[in-house]
Amino acid sequence: MVAGGAPNGGGASAEALSAKVVVQNLTIRYGNHVALRGLDLSIRRNEILGVIGPAGSGKTSFLRALNRMDEFIPGMEVEGRITFDGRDIRRVRNVYALRSRIGVVFPLPVGLPLTVYENVALAPRLRGVRKGSELDEIVERCLRRAALWEEVKDRLDSLGSLLSGGQQQRLTIARALSQEPDLLLLDEFSIAVDPVTTMRIEDVLKDLKNEMSIVLVTNLVQQARRLADRTAFFLTGEHVETSDTARIFSGIVKDPRTHDYIEGRFG
Amino acid sequence: MTGTAAPLFAGTSLNARDRKIEWLVRALLGLMTALLILPVVIIMALLVVEGGPVISWEFLTTPPVDGMTAGGILPALVGTVWLVVVALIASVPVGVAAAVYLSEYAPDNWLTRAINLAIINLAGVPSIVHALFGVGAFVLFFRFGTSILAASLTLAVMTLPVVIVSTRESLQAVPRAFREACWNMGATRWQTIRRIVLPNALSGILTGIILEVSRTSGETAPIMFTGAAFFLPFLPQGVLDQTMAMSLHLFVITTQVPDAPEALPFGVALVLISMVLAMNALSIAFRVYVRGRKKW
Amino acid sequence: MNPQALARSRDFDHRGRAWYADRAVTVFVFIGGTSAILFIGGIFAFIAREGLGFVFTEFDAGEFFGSIAWRPTSALDATYGALALIVGTASITGLAMVVSIPFSLAAAVFIGEFARGRVRETLKVLVELLAAIPSVVWGFIGFSIMNSLIIDIFDVPIGLNVLNAGIILGLMAAPIMTTIAEDALKAVPDGYREAAEALGATRWQVIRKVVIPAAKNGLVAAVLLGVGRGFGETMVVLMASGHSINLPDSVFDSVRALTATIAAELGETAVGSDHFRALFTLGILLFLVTFAINLAADIIMRGIRRKGERGRP
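Predicted model only: the values in this text are computed from it and were never measured.

What about the overall build of chain B?
Step number 1: On a plain count of helices and strands, chain B comes out with 11 helices and 2 strands.
Step number 2: Reading the secondary structure of chain B in the N-to-C direction produces α-α-β-β-α-α-α-α-α-α-α-α-α.
Step number 3: For chain B, the C-alpha radius of gyration of 25 Å lies well beyond 19 Å, the compact-globule estimate for 296 residues.
Step number 4: Taking the principal axes of the C-alpha coordinates as reference, chain B spans close to 75 × 65 × 35 Å.
Step number 5: In chain B, of all internal contacts separated by at least 6 residues, the share reaching a separation of at least 24 is 76%.

Topic: the overall build of chain A
Step number 1: When you go through chain A residue by residue, the secondary structure sums to 11 helices and 10 strands.
Step number 2: Expected size for 267 residues packed as a compact globule is a radius of gyration near 18 Å; at 18 Å, chain A falls within 12% of this value.
Step number 3: If one aligns the C-alpha atoms of chain A with their principal axes, the spans along those axes are about 55 × 40 × 35 Å.

Section: the confidence of the model for chain B
Step number 1: Per-chain confidence: chain B averages 88 in pLDDT, with 94% of residues scoring 70 or above.
Step number 2: When the criterion is pLDDT under 50, residues 1-7 of chain B qualifies, and its contacts beyond four places in sequence or with other chains add up to 0 contacts.

Some details on the domain arrangement of chain B
All names here are of chain B.
Step number 1: When cut into domains, chain B gives domain 1 (16-54) and domain 2 (57-292).
Step number 2: Summarising the inter-unit geometry, the C-alpha centres of domain 1 and domain 2 are found 30 Å apart.
Step number 3: With 7 residues of domain 1 in contact, the opposing surface of domain 2 contributes 8 residues.

Re the packing of helix α4 (residues 110-124) of chain B against helix α6 (residues 148-172) of chain B
All names here are of chain B.
Step number 1: α6 packs onto α4 with a crossing angle of 125° between their chain directions and a minimal axis gap of 8 Å. With respect to their mutual orientation, α4 and α6 come out oblique. Note on packing geometry: the crossing formed by α4 with α6 is left-handed. Here I119, L122 and A123 of α4 lie close against α6, whose contacting residues are V157, L160, P161, I164 and V165.
Step number 2: Of the residues assigned to the contact of α4 with α6, the class counts are 8 nonpolar, no polar and no charged.

Quick word on the interface of chain A and chain B
Step number 1: Facing the 17 residues of chain A at the interface are 16 residues of chain B.
Step number 2: Among the elements of the structure, α3 (95-100) and α4 (116-126) of chain A are those that each provide at least two residues to the side of chain A that touches chain B.
Step number 3: Among the elements that line the side of chain A that touches chain B, the one with the most residues is α3(A), at 4 residues.
Step number 4: For the side of chain A that touches chain B, a count of residues per class yields 12 nonpolar, 4 polar and 1 charged.

Quick look at the pairing of strand β10 (residues 238-244) of chain A
The side chains of a regular strand alternate between both faces of the sheet.
Residue and element names in this part refer to chain A.
Step number 1: Sheet topology note: the strand β9 (residues 230-235)/β10 ladder contains 6 bridges and is antiparallel. Along β10, the bridge assignment pairs T231 with S243.
Step number 2: Between β9 and β10, which pair antiparallel one after the other, the connecting turn spans 2 residues, and T236 there sits at a positive phi close to 40°.

A closer look at the environment of Y96(A)
Step number 1: Residue position: Y96(A) is located in helix α3.
Step number 2: In this structure the C-alpha to C-alpha distance between Y96(A) and N67(A), which are 29 residues apart in sequence, comes to 9.5 Å.

Notes on the environment of G191(C)
Step number 1: Of note, G191(C) is situated in helix α8 (residues 190-198).
Step number 2: On a C-alpha basis, the gap between G191(C) and A5(C) in space is 58 Å, while along the polypeptide they are 186 residues apart.

A short note on the interface of chain B and chain C
Step number 1: The interface is formed by 76 residues belonging to chain B together with 79 residues belonging to chain C.
Step number 2: Looking at the side of chain B that touches chain C element by element, the count peaks at 17 residues for helix α1 (residues 16-51) of chain B.
Step number 3: Partitioning the side of chain B that touches chain C into residue classes produces 53 nonpolar, 18 polar and 5 charged.

Side note on unusual backbone geometry
All names here are of chain A.
Step number 1: A positive phi is found at N25, a non-glycine position, where the angle reads about 50°.
Step number 2: Considering the arrangement of structural elements, one finds N25 in strand β1 (residues 21-30).
Step number 3: Residue classification places N25 among the partly exposed positions, given that 14 C-beta atoms sit within 10 Å.

Observations concerning the environment of V271(B)
All names here are of chain B.
Step number 1: Along the chain, V271 turns up in helix α11 (residues 263-292).
Step number 2: Using a count of 24 C-beta atoms within 10 Å as the deciding quantity, one classes V271 as buried.
Step number 3: Taking C-alpha positions, V271 is 10 Å from V54, a pair spaced 217 residues apart along the chain.
Step number 4: Once residues within four sequence positions are removed from consideration, V271 is found in contact with I55, I73 and M246.

Describing the nonpolar core
Step number 1: Core analysis: the largest hydrophobic core is formed by 283 residues, its most contacted members being L216(A) and I168(C).
Step number 2: The residue makeup of this core includes at least three contributed by each of domain 1 (16-54) and domain 2 (57-292) of chain B.
Step number 3: Apart from the residues lying within four places of it in its own chain, the contact partners of I168(C) are W138(C), I141(C), G142(C), M146(C), V236(C) and A240(C).

Section: helix α5 (residues 132-145) of chain A
Residue and element names in this part refer to chain A.
Step number 1: The end-to-end C-alpha distance of α5, which contains 14 residues, comes to 20 Å, matching closely the 20 Å that a straight helix rising 1.5 Å per residue would cover.
Step number 2: Those residues of α5 that sit buried are I138, V139, C142 and L143. Looking down the long axis of α5, one finds its buried residues gathered within 120° of arc, a one-sided arrangement.
Step number 3: Where α5 is buried, its residues contact α4, α6 (149-152) and α7 (165-178).
Step number 4: Two residues or fewer after α5 comes A147, characterised by a positive phi angle close to 60°.

Considerations on the packing of α7(A) against helix α8 (residues 195-208) of chain A
Residues and elements named next belong to chain A.
Step number 1: As a packed pair, α7 and α8 sit with axes 10 Å apart at the nearest point and diverge in direction by 15°. On the basis of their axis angle, the class for α7 and α8 is roughly parallel. By crossing handedness, the relation of α7 to α8 is classed as right-handed. Here α7 contributes G166, Q169, R170 and I173 to the contact with α8, which in turn contributes T197, I201 and V204.

Brief notes about helix α4 (residues 83-114) of chain C
Residues and elements named next belong to chain C.
Step number 1: End to end, α4 covers 44 Å across 32 residues, agreeing with the expected 46 Å (1.5 Å per residue, within 8%).
Step number 2: Residue S100 marks the point of greatest curvature in α4, where the axis turns by about 30°; the proline P102 follows within four residues.
Step number 3: With respect to burial, α4 is a largely interior element, 24 of its 32 residues being buried.

Details of the confidence of the model for chain A
Step number 1: In the predicted model, chain A carries a mean pLDDT of 89, and the fraction of residues at 70 or more is 93%.
Step number 2: Contacts for the low-pLDDT stretch residues 1-11 of chain A, under 50 throughout, to residues beyond four places or in other chains number 20 contacts.

Structural notes on the pairing of strand β2 (residues 33-43) of chain A
Residues and elements named next belong to chain A.
Step number 1: Pairing of β1 with β2 involves 7 bridges; the strand directions are antiparallel. Bridging from a neighbouring strand, I28 pairs with L36 of β2.
Step number 2: Two successive antiparallel strands, β1 and β2, enclose a turn made up of 2 residues, where G31 displays a positive phi of approximately 60°.

How each quantity is defined
- All chains use their own residue numbering, which begins from 1 and follows the written sequence.
- Chains carry letters from A onward and ligands carry numbers from 1 onward, assigned in written order.
- Residues qualify for local features only when their pLDDT is at least 70, as the model is predicted, and side-chain atom pairs are given and counted only at 80 or more; totals for whole chains, interfaces and linings, by contrast, use all residues.
- Counting from the N terminus, the helices are DSSP H or I runs at least four residues long and the strands are E runs at least two residues long.
- C-alpha atoms define the radius of gyration, and 2.2 Å times the number of residues to the power 0.38 defines the globule rule.
- For every residue pair, C-beta atoms are placed from the backbone, and the pair is scored as a contact if these atoms sit within 7 Å.
- Confidence of the predictor in every single residue is expressed as pLDDT, which spans 0 to 100.
- Domain start and end points were adopted from an automatic or database domain assignment.
- To define axes, lines are fitted to C-alpha atoms, for helices over the stretch in contact only, and angles between the resulting N-to-C directions are given on a 0 to 180 degree scale.
- Note that the term roughly parallel is reserved for angles under 35 degrees, roughly antiparallel for angles over 145, roughly perpendicular for angles of 65 to 115, and oblique for everything else.
- Take the far helix as your reference; a near helix turned counterclockwise from it by less than a right angle gives a left-handed crossing, and one turned clockwise gives a right-handed crossing.
- Only Asp, Glu, Lys and Arg are considered charged in this grouping, and only Ala, Val, Leu, Ile, Met, Phe, Trp, Tyr, Cys and Pro are considered nonpolar; every other residue, Gly among them, is considered polar.
- Any two strands are treated as partners once DSSP identifies two or more bridges connecting them.
- Buried residues are those with 20 or more other C-beta atoms within 10 Å of their own C-beta, exposed residues have 12 or fewer, and partly exposed residues lie in between; C-beta atoms are placed from the backbone.
- Only buried Ala, Val, Leu, Ile, Met, Phe, Trp, Tyr and Cys residues enter a nonpolar core, and they are joined through C-beta atoms within 7 Å.
- Helix span, expected: 1.5 Å multiplied by one less than the number of residues in the helix.
- Arc definition: directions from the helix axis to the C-beta atoms.
- A residue's bend is the angle separating two fitted axes: one through the seven residues that end there, the other through the seven that start there.

Structure representation (C-alpha cells):
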C-alpha cells in the first residue's frame, strides 16, 4: 500500500508516469447522494483492471467519470483529477476526441437502430473515414475480433437489434473496437449474455489487452479472477483496495471486507 | 350510495342497484359521446349531399365568374397551396430547431420554462390577434404589404407550436440509451442527432408537418388582412402578390355574395374540408403505420 | 484515411470540423428555441405599438368598459364603448361552455374509462377529426344550416344569434377539452383503480370517488383551455352570431363579439386612424385574457406533472 492510504495513487511516482489513466481524489455526487468518495487509482497500460463490488458501490459512476459523461447526466458532479496519457481530462480542448479513444460496453447491449454494418461503421464515419473499401475493411476486422464475423457476415444489412442478445453484445464490442480505443471500459457486459458467449468474449478480452488497457467492471467475482491482472474492490462509494488479482484471491488482502466479499459472505 | 355514512365502498359484491346505476351511467356517457361526435358525421353527410353535385373537374380548374356566382375555384385552390407551402418553408426549420433545442439541449431552467409558456401561448392566442400581429409586423413594419409572404409568415408564427410540439414528442420517443451509446463513442451532440435521433424521429416529424398543413389550409382570420383577397381572377405569380384562398373564399361567397346559388358554398366547403380531413387522416394513418414498425 | 488525419482525429487538443459544426448547430437551435419567446413578445409588442397609442389618447376606461356605444365611424362623435362586445363574447362563450363542458367531460370519461380497444381508437380519431374542421366551415354551418334550423324549430325571426354561435362554439371547443381531460384521467395511476375495484366498487363508483377527484386539476385545466378556445374564436362568431351591437336578453338575440368586431372592421379602417388603433386595443384585451387563461391552465397542469414525477419510482 502506498503511503497516505491511497492505493496506487501518488503524484510523481513511476507508476503515475507510466500509467494510462491516473485518478486522484475522485468524488462523484448526484445531488446529495455521494456515489464515490475520494478514489485514488491508476489504470496501467496493457492490463485488465477488474473492478468488483456489490450494486451501488460506485463502479458505473467511475466509468462515467472516465468518459466525462457527467456533461450529459443532470445532477452528476465530479470532483478530483483524472489524467489520460498524462493530460487532465477536464482540460482537453476536444472532449469528443478523448471519448473516441475510450470504448464503452454497457450491461445491456445497445444496438443502435442501424444495420449491423452501420453499427460498426459509425465510429469510423464520425472520425471522417468515407471510402467504402476502408470502411468494409474496418467493419470486417472489428467483427472478426469480436468473434461475430462468421455469424453475421451474410446479414450485415439487417438491423443490429434483430440479433440475439449475445450477438448484440459482441456487436457493441465490435463497435467499441471500431473506435480503435486505447482504453476499453466494460460494465458488467455478461449480465444478459449466455455462458458460452461470455467465454468467447472473455477470450477476446485476453487478446485485446495486448493493444489497450481494459477496465472490467463485474459483479462476478470469478470473472475478475479469470481475467483481471489487478482487481479493485469498491464498497458503497469507498475504494477498499486494489491489488494483484492473484494475491487477492489467494487471501492476501489488506482489508477483511475484501476477503468477505470474494468469499461470497455479502453482496 | 349518496347521503349514507357507509364506508367508501360498502359491501363486498356488486348488488343489483349498483349494477343498474353502472349500466345507466355507461349508457348516458356513451350517448353524450355519440352526440358530440354525431355532428361530424352529419356535417360531412350534408356537405357531400349538397356540395357533391357542384364538384366537377371544371369546378376545380376554372376561376369564378359572374361576380363569383358561377365558375370554379382554381385561384383559391392554387392560392391556398401557395400560402401553405410558403408558411411551411418558414415554420418547419424554425420549429424543428426549436424542438431539437427543447428535446436535446435545454436544461431544466427558467428559460426553458419561458419557452414552453411561449409555445402554449402562441397556440392559444386568438387567430384574429395573430392577424393583428401580421398586419402590424409583416404588412406595415416590414413593408411586405398585403401579400402571400405576409399572410404565410403570419400563418407560420401561428402554427409554429404544432411543428414544435409534434417534433419534440417524436424526438423524445427515441430512447436515451441510443444517445448515450453515441456520446460514449465520441460523437458530438449534433452528430448524435443527425445520425441517430433525427432519422428515427423523421416519420413523427412528418406526421406533425402534415397536421400543420391541415391547420394552415383551413385558417381564415390570419390571412384576411395580410394577403388573401376576396376576388382575384389571376393566379399569383410570386410571394409578393395577393391571392385568393379556399377558406376566405368560403367566407366571402357565404356572407358577401347573396345571389350565389345555394349549392355553391357547399361545394367550396366540401373541397376545403376534404383537403383538411384528408391531410388529417393521412397523418393519423402515418402515425399508426409508424407505431407498427418501430426499430426498437 | 491517411495516418495524419487519423492522428488528428485522435488528438484531443485539435478541434476538427465536427467540433465547430456542433457549436454552430448549438447556436442555431438555441435561436430556434428562443424564437417562440421572440414571437410571443413580438405579437404583444406590435399590438401594443398600435393599441397603446389609442389607450393613452382617446381611450376612456369608463366608456370602453361601461358603454355599449361602439361607434368608431361616426364622423362627429366617435365613441368606443366595448361593453356590448365584451358581453357578446361572454354570452356566446358562456353558452358554449354550458353545452360543451358536460358533453366533453362525459366523452372524456367514456373514452378514457369505459371504451376499450377498437371503439376507443375510433372515438379518439373522430374527436381528432372534429378538432380538424376549419373554423370557417363551422361558421358556414352556422350561417347556412343552423340559421334556418333555429328559425324553424323555435319560430324566431332570425337564427343568427347567441344560441347558434354558442352551440357551434361548444362543438369547436369540445375536442380540446375532451383530449386534455382524457389525458388527465389517464394520468391517474392504475393502482388507484385496482385498489378500489378490489374493494368491490363498480367502475362508475371508482371513477366518481377516486379517478375524478384525483384528476380534478387536469379537468379544470381542460375546461380553462376550452374557454380560451371559445373566447378567441373569430370566424364562427363573425358568421353565426348576427353581428349586431346589443346587450342580449335571451339566447335568441343577435350579438357581436370582440374578435368578430376586429375581423369585420379592420379591412375598412385607415392605417393609423383612431379606429384602426382602437381595434388593436381590443386585440390587447384579447391577448391579455387568453394569456391569463393559458398561464392558469399551464400552472395547474405543471402542478400535476410535478406530482406525477415525484410519484414515479
